[in-house]
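Residue strings, one per chain:
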Amino acid sequence: MQRRAFLRASGAACAVLTVPGAVAGSTGATPRASQEIPDSFEPLGRVEVPDGGEAVVSGDGETVYLATALGFATVDIGDPTEPELLAERYRLEVDGREFMDILDVEIDDDRLAVVGPANEGNDGFHGFVLYDVSDPADPTVVDRYETGFHIHNCFFADGLLYVVANGPDDNALVIYDASDDETEEVGRWSLLEHDPEWEDAYWYVRYLHDVTVHDDIAYLPFWDAGTYLVDVGDPSDPEYVSHVRDPDVGEDRSYGGSEAVYGLPGNDHYATVDDAGELLAVGREAWTTDGSAPDGPGGIDLYDVSDPTAPDPLASIEPPESDDASRRGGEWTTAHNFELRDGRLYSAWYQGGIKIHDVSDPTDPAELAHWRETDDAALWTARVANGGATVVSSSTSRIPATDIDGALYTFPTGLESDTLETSDGDDGDGNGSLSDRVPGFGGLGAGVGLAGGAAALEWIRRRDGDR
């Protein structure tokens, strides 16, 4: 892979946000995405899978690979009304050592990366195991690699495995060449090397929680430090591009109290972009801490990144309501993982359920569908499958004060199979580039510093009576 020419030309650009004139309200002039979702939006099928975590979908859209804390499972969803468990791998071991606390898996063609442990303090093997899943019913180990640090999440594409590395001394992205049976580290990018000011902050509040890579740009949510865009076109030499939000590194972030780690503002948890790489969604996982405002579950923020050197805030999607949004309250409704596809946002909100939003006008997201069973399902992720006709969502049993069972659900999208477009241009339904889809894009308002952009986004969250 080669670094983008425009990034080479632009050099180390400073992140500047601009406030678009269209932010203040809906233009109402852009065609909306298809809304052919059944009036009664409910699961098509369900299969029990203990302690479900992250789920990813095979290239053909018919197999789901699901992290299960004690290992992983594969599920056939060729018929989404009857998902079928194909294989389970539990109580994993590497060289006689336990390999547990598996919350993320990622697929790259016929290779599956299983990473862990997800959290510090676990004994046993720390690293990842690669499986050949050309036969999803019979995953076979092809390589093992010991990192020496816990891995909460990863991303796998084109033979490169991107993993998050966190500890008191650093929060970094580490890149491995896993294209052959001999895996090797090829590069890394450190938040603390880029911005040493964060060294004094408690390492959990600058935690690199996840990574997504699209068109040589890695999107890195560093919790309270914000989400960073890093050019990984040359994986041996990652380079800073920009970041969203510019929080102060204050004394309130220097310790591990519940408000600092679990409460807003901040808590950038998951980030991804649409197929064109122009619309960025950042989910913020947070809970009520009885601290200073804002205090409550986190939502999903949308940004224009058509120019990745200058992200612009567009809108914010609020979380579902909760009777008790604290970590021990038994009703989590904060944003978790999601996918942007074909002008839509498919999102999981734990016990807040699964939602589908039309984001063809990203300044004015419109909710198309919502399914929620607070006492029975805590949804971890939402992934498009079956050529766009299905969305799958895993339910976790890890929520405190609940007895929710782990499972994998399938839902209808209302779209016909193979209708999703992945080109950078218009797809015929008004879902082309952001400048085509939103009146006024390309002629955005006056530039302001990152702090000003963050203030604008906070205003968006509070408009129309929102908190």
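Look up a bit, the structure's there.
Residues numbered from 1 in each chain as written. Predicted model: local features only at pLDDT ≥ 70, side-chain atom pairs only at ≥ 80, totals over all residues. Heavy atoms only, no water.

Engineer: Would you explain the side chain of His243 in this entry?
Structural biologist: Examined against the element boundaries, His243 turns out to sit in strand E20 (residues 239-244). On the basis of relative accessibility, which here comes to 9%, the residue His243 falls in the buried class. Within the local environment of His243, its side chain forms a polar contact with the side chain of Tyr240, the two groups lying 2.7 Å apart. Among the polar contacts listed, one links the side chain of His243 to the backbone oxygen of Arg245, at a separation of 3.4 Å. (Helix = DSSP H or I, 4+ residues; strand = E, 2+ residues; numbered from the N terminus. Buried < 20%, exposed > 50% of the residue type's maximum accessible area, 1.4 Å probe, protein only. Polar contact = N/O pair within 3.5 Å; in protein donor to acceptor, adjacent residues only side chain to side chain.)

Engineer: What is the right way to look at the environment of Thr140 in this model?
Structural biologist: Among the structural elements, Thr140 can be located in strand E12 (residues 140-146). According to the relative accessible area criterion, Thr140 is partly exposed, its value standing at 39%. Along the backbone, Thr140 and Leu130 are 10 residues apart, and their C-alpha atoms lie at a distance of 8.4 Å. For Thr140, the residues in contact, after removing those within four places along its chain, are Leu130, Tyr131 and Asp132. (Contact = heavy atoms within 4.5 Å.)

Engineer: How do you make sense of the packing of aromatic side chains when you look at a structure like this?
Structural biologist: Aromatic ring pairs are defined here through the distance separating the ring centres and the angle between the ring planes. Going through the model one piece at a time under the given rule, you end up with 23 aromatic pairs. Ring geometry for Phe72 versus Tyr131: centroids 4.8 Å apart, planes at 65°, classification edge-to-face. Note that Phe72 is positioned in strand E5 (residues 71-76) and Tyr131 in strand E11 (residues 127-132), a separation of 59 residues in sequence. Three or more aromatic residues link up through ring pairs in this structure, and these residues are Tyr262, Trp287, Trp332, Tyr350 and Trp380. Between the NZ or CZ atom of Arg327 and the centre of the ring of Tyr262, over which it lies, the distance is 4.2 Å. (Phe/Tyr/Trp six-rings, centres within 6.5 Å; stacked < 30°, edge-to-face > 60°. Lys NZ or Arg CZ within 6 Å of the ring centre and 35° of its normal.)

Engineer: Help me out: how do you make sense of the sheet that holds E5 in this one?
Structural biologist: Sheet strands pair via backbone hydrogen bonds, and the direction of the pair is either parallel or antiparallel. Taking strand neighbours across the sheet as the criterion, the four strands line up as E3-E4-E5-E6 in an open arrangement whose pairing is antiparallel. In this open sheet, the two edge strands, each paired with only one partner strand, are strand E3 (55-57) and strand E6 (84-90). Each adjacent strand pair in this sheet contributes to an overall mean axis angle of 20°, direction not counted. Two strands pair when backbone bridges link them, and E5 and E6 are joined in this way by six bridges, in the antiparallel orientation. Across the sheet, residue Ala73 finds its bridge partner in E6, namely Glu88. (Pairing = 2+ DSSP bridges. Axes fitted to C-alpha atoms, helices over the stretch in contact; angles between N-to-C directions.)

Engineer: Would you explain the layout of surface pockets in this entry?
Structural biologist: Over the atoms, a rolled probe matching the size of one water molecule traces out where space is still vacant. Of the volumes computed, that of the second largest pocket is approximately 580 Å³. Forming the walls of the second largest pocket are 24 residues, and the residues nearest its centre are Asn119, His152, Glu285, Trp287 and Arg327. Looking at the lining of the second largest pocket residue by residue, the classes come out as 12 nonpolar, seven polar and five charged. (1 Å grid on protein atoms, 1.4 Å probe; cavity = no way out; pocket = protein on both sides within 12 Å on 5 of 7 lines; lining within 4 Å. Points joined across faces, edges and corners; volume = space filled by probe spheres on them. Nonpolar A, V, L, I, M, F, W, Y, C, P; charged D, E, K, R; others polar.)

Engineer: What should I look at first to understand the sheet that holds E12 in this one?
Structural biologist: Pairing in this open sheet of four strands is antiparallel, and the strands run E9-E10-E11-E12 from one edge to the other. Two strands close off the open sheet at either side, each with one partner strand: strand E9 (104-108) and E12. Mean inter-strand twist for the sheet, computed between neighbouring axes without regard to direction, equals 20°. As defined by bridge partners, strand E10 (residues 111-116) adjoins E11 across six bridges and the pair is classed as antiparallel. Opposite Leu112, over in E11, you have Tyr131 as the bridge partner.

Engineer: Honestly, the environment of Thr333 in this entry has me stumped. Any pointers?
Structural biologist: With respect to the secondary-structure elements, Thr333 resides in the loop between strand E24 (312-317) and strand E25 (338-341). Sequence separation between Thr333 and Tyr350 is 17 residues; the distance between their C-alpha atoms is 5.6 Å. With residues near it in sequence (within four places) discarded, Thr333 still touches Pro297, Pro319, Pro320, Glu321, Ser322, Trp349, Gln351, Gly352 and Arg372. At 3.2 Å, the side chain of Thr333 forms a polar contact with the backbone oxygen of Pro320.

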